[in-house]
Amino acid sequence: MGTQFEATVDIDRPIEEVFAHLADGEHDPEFSPRVQGIKKEPTGPTRVGTVFHSTAKDAGMTSRRDFEISERGGADAHPLARAVQEPRHRDRGRP
């Protein structure tokens, strides 16, 4: 069984500004220390079709993953992403 954590933070900014910041995956390293790097294509606002290329380290293993935004709502909806390829492991001699 997994562990669930919750936290509440009050942010003195308009909801649209907060949503735009969180929806832009380039900000992931700010709140996820496992994300070592991330690049967005194309540059500009996050929209359907935007792809994030990320490198993350979990349990001593570095992997690269690509995620494409497949659906996007307004400020009250999270963008939905799908993996566009299998992770490529770079540690421990894996392909």
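The rules behind the values
- Residues numbered from 1 in each chain as written.
- Predicted model: local features only at pLDDT ≥ 70, side-chain atom pairs only at ≥ 80, totals over all residues.
- Heavy atoms only, no water.
- Salt bridge = Lys/Arg side-chain N within 4 Å of Asp/Glu carboxyl O.
- Helix = DSSP H or I, 4+ residues; strand = E, 2+ residues; numbered from the N terminus.
- Buried < 20%, exposed > 50% of the residue type's maximum accessible area, 1.4 Å probe, protein only.
- Pairing = 2+ DSSP bridges.

## Looking at the pattern of salt bridges
Once their charged atoms are close, side chains differing in charge can pair, the charge on each being opposite to the other.
Logical step 1: On inspection of all chains with the given rule, the structure shows 5 salt bridges.
Logical step 2: Between D24 and K40 there is a salt bridge, with the nearest N and O atoms lying 3.3 Å from each other. Remark: K40 occurs in strand β1 (residues 35-41) and D24 occurs in the loop between α1 (15-23) and α2 (28-31); sequence separation between them is 16 residues.
Logical step 3: A residue is classified by how much of its surface remains accessible, and D24, at 13% relative accessible area, is buried.
Logical step 4: Residue K40 pairs with E26 through a salt bridge whose shortest N-O separation is 3.9 Å. Placement of the pair is K40 in strand β1 and E26 in the loop between α1 and α2, with a sequence separation of 14 residues.
Logical step 5: According to the relative accessible area criterion, K40 is buried, its value standing at 6%.
Logical step 6: Taken together, the salt bridges that share partners define one network made up of D24, E26 and K40.

## Notes on the pairing of strand β2 (residues 51-58)
Logical step 1: For β1 and β2, the ladder comprises 6 bridges, and the chain directions are antiparallel. Each residue of the ladder has a partner; that of I38, found in β2, is S54.
Logical step 2: Across 8 bridges, the pairing between β2 and strand β3 (residues 61-71) is antiparallel. Following the sheet pairing, F52 is matched in β3 by F67.
Logical step 3: A loop of 2 residues connects β2 with β3, the two strands running antiparallel in sequence, and A59 in this loop sits at a positive phi of about 50°.

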